Amino acid sequence: MAAVEWTGRIRAQAEALCELAHACARRGWVPATAGNFSFRDAESGRIFITASGLDKSAITPDDLLEICLTGAAGADCRVLAGAGKPSAETALHGVIYRDAAATGAIVHVHSIWNTLLSDRFAAEGAVPLEGYELLKALSGVDTHEHRELVPVLENSQEYVGLAQELEAALASYSGAHGVLLRRHGLYTWGESVAGAWRHLEALEFLFEVEARRLGI
């Protein structure tokens, strides 16, 4: 497979994505080889995602794959350039890029707090976050009185079906800034790599505060 051909603008986004992954690793949010990260260049529409099975504390732009997502909800993934294989969860990125408006980057992490809360609120279908000042870090939110509902999906290794469930969740929770997979982890996104990082930091802070408040 050919190596990715980087332009200045796209390489800057790739480097920012790798820096985000390194920061997540330092915080213990991507243990072992967990997690996956991607970005979509707004001008060209090209999509890049981390190759599977890598230590996220040390990835570089050379560890990113350029991919083409086709089929229902982007379930069919073809690697256009780069070495390695994409995550089995790539179809979920496809759903988010298609259905979450103006998404430019997606982050998937496995933190202790999001894992615990996803299990605690699985029966309710969503984790409620309300009354916290840091909710204002989420795009479009301008008051601490906002009630954020983070949907929880049952975890599955059957990713075509899981992609369809994610599609339904994004439709039902149209204002959500993230989605949890039960006992698995969080997907969040933003208009850029920086926007996705802001949402990730805010949600993980809120998850920890809420879990501690509930005595989990």
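Residues numbered from 1 in each chain as written. Predicted model: local features only at pLDDT ≥ 70, side-chain atom pairs only at ≥ 80, totals over all residues. Heavy atoms only, no water.

**A closer look at a nonpolar patch on the surface**
On the surface, Ile112, Leu116, Leu214 and Ile216 cluster together into a nonpolar patch covering about 330 Å² of accessible area. Residue placement: Ile216 occurs in the segment after helix 5 (193-214). (Patch = residues over 30% accessible without salt bridge, like charges linked within 9 Å, V, L, I, M, F, W, Y side chains within 5 Å. Areas by Shrake-Rupley, 256 points an atom, 1.4 Å probe, with all protein chains shown as cover. Salt bridge = Lys/Arg side-chain N within 4 Å of Asp/Glu carboxyl O. Helix = DSSP H or I, 4+ residues; strand = E, 2+ residues; numbered from the N terminus.)

**Concerning the sheet that holds strand 1 (residues 36-40)**
In spatial order, the strands read 4-3-2-1-5-9-8-7-6; together these nine strands make up an open sheet with mixed pairing. In the strand order of this sheet, the two ends are held by strand 4 (76-81) and strand 6 (126-130), each with one partner. Between one strand axis and the next, the sheet turns through 25 degrees on average, direction left out of account. Note: strand 3 (residues 64-70) against strand 4, five bridges, orientation antiparallel. Across the sheet, the residue bridging to Thr70 is Asp76, located in strand 4. Sheet contacts for helix 3 (residues 112-120): strand 5 (105-109), strand 6, strand 7 (147-153), strand 8 (178-181) and strand 9 (185-190); angle to strand 8, the most-contacted strand, approximately 75 degrees. Together, strand 7, strand 8 and strand 9 form the strand contacts of helix 4 (residues 159-172), whose direction differs from that of strand 7 by roughly 160 degrees. (Pairing = 2+ DSSP bridges. Axes fitted to C-alpha atoms, helices over the stretch in contact; angles between N-to-C directions. Contact = heavy atoms within 4.5 Å.)

**Re the packing of aromatic side chains**
Applying the stated criterion to the full structure yields two aromatic pairs. Judged by centre distance (6.3 Å) and plane angle (50 degrees), the ring pair of Trp29 and Trp197 falls under tilted. One end of the pair, Trp29, is in the loop between helix 1 (8-26) and strand 1; the other, Trp197, is in helix 5, and 168 residues separate them in sequence. A residue is classified by how much of its surface remains accessible, and Trp29, at 11% relative accessible area, is buried. On the basis of relative accessibility, which here comes to 22%, the residue Trp197 falls in the partly exposed class. Centroid distance Phe39 to Phe48: 5.0 Å. Interplanar angle 20 degrees. Geometry classified as stacked. Each member of the pair, Phe39 together with Phe48, is buried. The ring of Phe121 is capped by Arg120, whose NZ or CZ atom sits 4.5 Å from the centre of that ring. (Phe/Tyr/Trp six-rings, centres within 6.5 Å; stacked < 30°, edge-to-face > 60°. Buried < 20%, exposed > 50% of the residue type's maximum accessible area, 1.4 Å probe, protein only. Lys NZ or Arg CZ within 6 Å of the ring centre and 35° of its normal.)

**Considering helix 4**
Between its terminal C-alpha atoms helix 4 stretches 19 Å, which fits the 20 Å expected from 14 residues at 1.5 Å a residue. Along helix 4, the residues classified as buried are Tyr159, Gly161, Leu162, Ala163, Leu166, Ala169 and Leu170. Lining the buried residues of helix 4 we find helix 2 (90-99), strand 7, strand 8 and strand 9. Structurally, the start of helix 4 carries an N-cap: the backbone nitrogen of Val160 is 3.2 Å from a side-chain oxygen of Glu158. (Expected span 1.5 Å × (residues − 1). Polar contact = N/O pair within 3.5 Å; in protein donor to acceptor, adjacent residues only side chain to side chain.)

**Side note on the environment of Asp62**
Tracing the sequence through the fold places Asp62 in the loop between strand 2 (47-50) and strand 3. Between the alpha carbons of Asp62 and Glu15 there is a distance of 9.8 Å; along the sequence they are 47 residues apart.

**Description of the pairing of strand 2**
Both faces of strand 2 are covered, namely the face carrying Ile47 and Ile49 and the face carrying Phe48 and Thr50. The pairing of strand 1 with strand 2 spans three bridges and is antiparallel. Within strand 2, the residue paired with Ser38 across the bridge is Ile49. Between the end of strand 1 and the start of strand 2, which pair antiparallel, lie six residues, with Gly45 showing a positive phi angle near 80 degrees. By the bridge criterion, four bridges tie strand 2 to strand 3 in an arrangement that is antiparallel.

**Regarding the environment of Arg147**
Inspection of the secondary structure puts Arg147 in strand 7. Look at Arg147 and you get partly exposed, because its relative accessible area is 46%. Spatially, the C-alpha atom of Arg147 lies 9.1 Å from that of Tyr132, the residues being 15 residues apart in sequence. For Arg147, the contacting residues outside a window of four places in its chain are Pro128, Leu129 and Glu130.

**Side note on the nonpolar core**
Residues Phe37, Phe39, Val109, Val127 and Phe207 are the most contacted members of the largest nonpolar core, which totals 43 residues. Mapped onto this core, the elements with two or more residues apiece are helix 1, strand 1, strand 5, helix 3, strand 6, strand 7 and helix 5. Sort the elements by how many residues they give to this core and helix 5 lands first, with eight residues. Sequence-distant contacts of Phe207, that is, excluding residues within four places in its chain, are made with Trp113, Asn114, Leu117, Val127, Leu129, Val150, Leu180 and Leu186. Leu92, Val95, Ala163 and Leu181 belong to the second-largest nonpolar core, a separate cluster that totals 23 residues. (Core = buried A, V, L, I, M, F, W, Y, C linked by side-chain atoms within 4.5 Å.)

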